[in-house]
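The lines below spell out each chain.
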Amino acid sequence: MIYKHRTKPQELVVFEILNKRNELSSKDKQYYLYQKKGYEGELLFDSLTEKLQCDCLILNDLLLEVNNTTFQIDTLILIEGKIRTFEVKYYEGDYYYEATKLYKKPKHEVSNPIIQLNRCESLLSQLLRTHGCHLPIEASVVFNHPTFTLYQAPLNLQAILPTQLNNYMRALDTTPSKINEKQRRIADLLVSLHITKSPYSKVPSYRYGDLRKGITCKMCDSFSISIEGRNCKCEKCGHKELVADAVLRTVHEFTTLFPDQKITTNVVFEWCGGNPTKRKIQRILTSNFKSVGVRQWTYYE
Ligand SMILES: [Zn+2]
């Protein structure tokens with residue numbers, strides 16, 4: 001049973017908007033693509049954990065703190081009187097293990113996720129102890145990209161490889177398990193301790209004037225949108241969307257980037273690139289937001 005859902009990290013949401021409306025530096029772009037891929041891997045792992053039928057509690061994406069140190073757990077499952085934590089790595093291609101170090105072939109050292117895993121395990125254990133909870137923790141790195149290969153993996157490596165994943169999940173699902181009150185309390189505790197605002201954000205600074213204005217296609221991000229009656233049509237992929245939905249989606253992008261700015265008809269008109277008309281925008285805003293003030297001072301919230 002999913003006890004805490006995963007939502008797209010706010011940082012990634014902002015990066016997605018900036019990526020299409022601004023030119024990201026190559027360093028920022030690389031970071032963005034790395035985060036995006038990591039999130040894709042997490043969703044792929046979720047598609048397996050959400051199929052579990054056994055009595056367990058699944059907590060996705062926890063950000064916790066103990067002794068002024070924050071740490072993140074991609075997936076935590078309370079099962080069979082134990083806590084299992086998973087660090088998902090969506091690495092592609094050939095890697096090898098050598099003297100506790102991880103390399104991408106031919107010879108590029110990457111940070112070893114096992115070290116990160118052990119750090120998180122120890123911090124989680126400390127956190128639970130400070131709240132008087134004692135449950136054994138079993139931590140694993142999940143390598144779930146189908147093309148991932150790991151050469152020279154030690155036999156006792158705390159990792160689940162792509163070829164082992166299905167069997168691992170099947171074994172987990174057939175584990176006799178009964179969630180009791182104490183375990184449910186631990187799940188509640190972890191959810192209540194979850195930090196919603198990540199301190200890790202690496203979003204670059206941006207200015208309104210530098211961002212490309214206009215409605216983009218929901219499917220392919222193209223700016224080539226034509227409006228025909230109540231519909232928007234993408235000239236690139238042919239996707240159709242109601243104008244009202246497209247405008248609201250575009251307003252949402254604006255408020256994500258500029259949460260302190262007031263939404264007015266003029267602001268939205270400019271942000272949408274001058275199409276649809278102000279009258280149409282005003283109608284859409286009036287029926288979807290609460291209007292505050294009168295005439296030219298009206299804004300929406
Ligand atoms: Zn499109």
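What you see is a predicted model, and the numbers here were worked out from it, not measured in a lab. (Residues numbered from 1 in each chain as written. Predicted model: local features only at pLDDT ≥ 70, side-chain atom pairs only at ≥ 80, totals over all residues. Heavy atoms only, no water.)

## Some details on the overall build of the chain
Item 1. When its secondary structure is counted, the chain shows eight helices and 15 strands.
Item 2. In terms of overall dimensions, the chain has C-alpha extents of about 65 × 50 × 35 Å along its principal axes.
Item 3. Out of the 301 residues in the chain, the part that is buried amounts to 44%.
Item 4. Taking contacts inside the chain between residues at least 6 apart in sequence as the whole, the part at least 24 apart equals 61%.
Item 5. Of the roughly 16700 Å² of accessible surface on the chain, 50% is carried by carbon and sulfur atoms.
Item 6. Averaging the locations of the 42 positively and 33 negatively charged side chains of the chain gives two centres separated by 5 Å. (Helix = DSSP H or I, 4+ residues; strand = E, 2+ residues; numbered from the N terminus. Buried < 20%, exposed > 50% of the residue type's maximum accessible area, 1.4 Å probe, protein only. Contact = heavy atoms within 4.5 Å. Areas by Shrake-Rupley, 256 points an atom, 1.4 Å probe, with all protein chains shown as cover. Lys, Arg positive; Asp, Glu negative; His and termini not counted. Charge placed at Lys NZ, Arg CZ, Asp CG, Glu CD.)

## So, the sheet that holds strand β8 (residues 137–143)
Item 1. With respect to topology, six strands assemble into an open sheet ordered β1-β2-β3-β4-β8-β10, the strand pairing being mixed. Edge positions in the sheet fall to β1 (2–4) and β10 (159–160), since each of these pairs with one other strand and no more.
Item 2. Direction of pairing for β1 relative to strand β2 (residues 57–66): parallel, over a ladder of two bridges. Within the sheet, the bridge partner assigned to Lys4 lies in β2 and is Leu59.
Item 3. In the packing of helix α4 (residues 165–173) onto the sheet, the strands contacted are β3 (69–79), β4 (82–89), β8 and β10, and the crossing angle to β4 comes to about 160 degrees. (Pairing = 2+ DSSP bridges. Axes fitted to C-alpha atoms, helices over the stretch in contact; angles between N-to-C directions.)

## Quick notes on the UniProt feature "domain: NERD" (unreviewed entry) in the chain
Item 1. Here the UniProt-annotated "domain: NERD" (unreviewed entry) positions come out as residues 37–147.
Item 2. Annotation note: span residues 37–147, helix share 28%, strand share 43%, distance between end C-alpha atoms 14 Å. (UniProt positions renumbered as here; feature names shortened; annotations may be inferred.)

## Structural notes on helix α8 (residues 278–288)
Owing to its 3.6 residues per turn, the α-helix brings residues three or four apart onto one side.
Item 1. Within α8, the full set of buried residues consists of Ile281, Ile284 and Leu285. All buried residues of α8 lie within an arc of 95 degrees about the axis, which places them on one face of the element. The exposed set on the far side of α8, more than 90 degrees from its buried face, consists of Arg279, Arg283 and Ser287.
Item 2. Buried residues along α8 sit in contact with α6 (243–257), α7 (265–271) and β15 (299–300). (Arc of directions from axis to C-beta.)

## Here we look at the packing of helix α3 (residues 113–130) against helix α5 (residues 181–193)
Item 1. Where α3 contacts α5, the axes come no closer than 12 Å and their chain directions differ by 110 degrees. The orientation of α3 with respect to α5, classified from their angle, is roughly perpendicular. Counting all contacts with α3, which are made through Leu124, Leu127 and Leu128, the residues of α5 involved are Ile186, Leu190 and Leu193.
Item 2. Partitioned by chemical class, the residues of the contact of α3 with α5 number six nonpolar, no polar and no charged. (Parallel < 35°, antiparallel > 145°, perpendicular 65-115°, else oblique. Nonpolar A, V, L, I, M, F, W, Y, C, P; charged D, E, K, R; others polar.)

## Here we look at the coordination of the zinc ion
Item 1. Distances from the zinc ion to its protein donors, Cys217 (SG), Cys220 (SG), Cys234 (SG) and Cys237 (SG), fall within 2.2 to 2.4 Å.
Item 2. Around the zinc ion sit four donor atoms, and with donor-metal-donor angles ranging over 105 to 118 degrees the site reads as tetrahedral.
Item 3. Summarised as a motif, the one-chain spacing of the donors to the zinc ion is C-x2-C-x13-C-x2-C. Separated by 17 residues along the polypeptide, Cys217 in the loop between α5 and β11 (225–228) and Cys234 in strand β12 (residues 231–234) bring together distant segments of the chain. (Donors = N, O, S within 2.8 Å, 3.2 Å for Na, K, Ca; no water. Tetrahedral: all angles 85-135°; square planar, octahedral: opposite > 155°, others 65-115°.)

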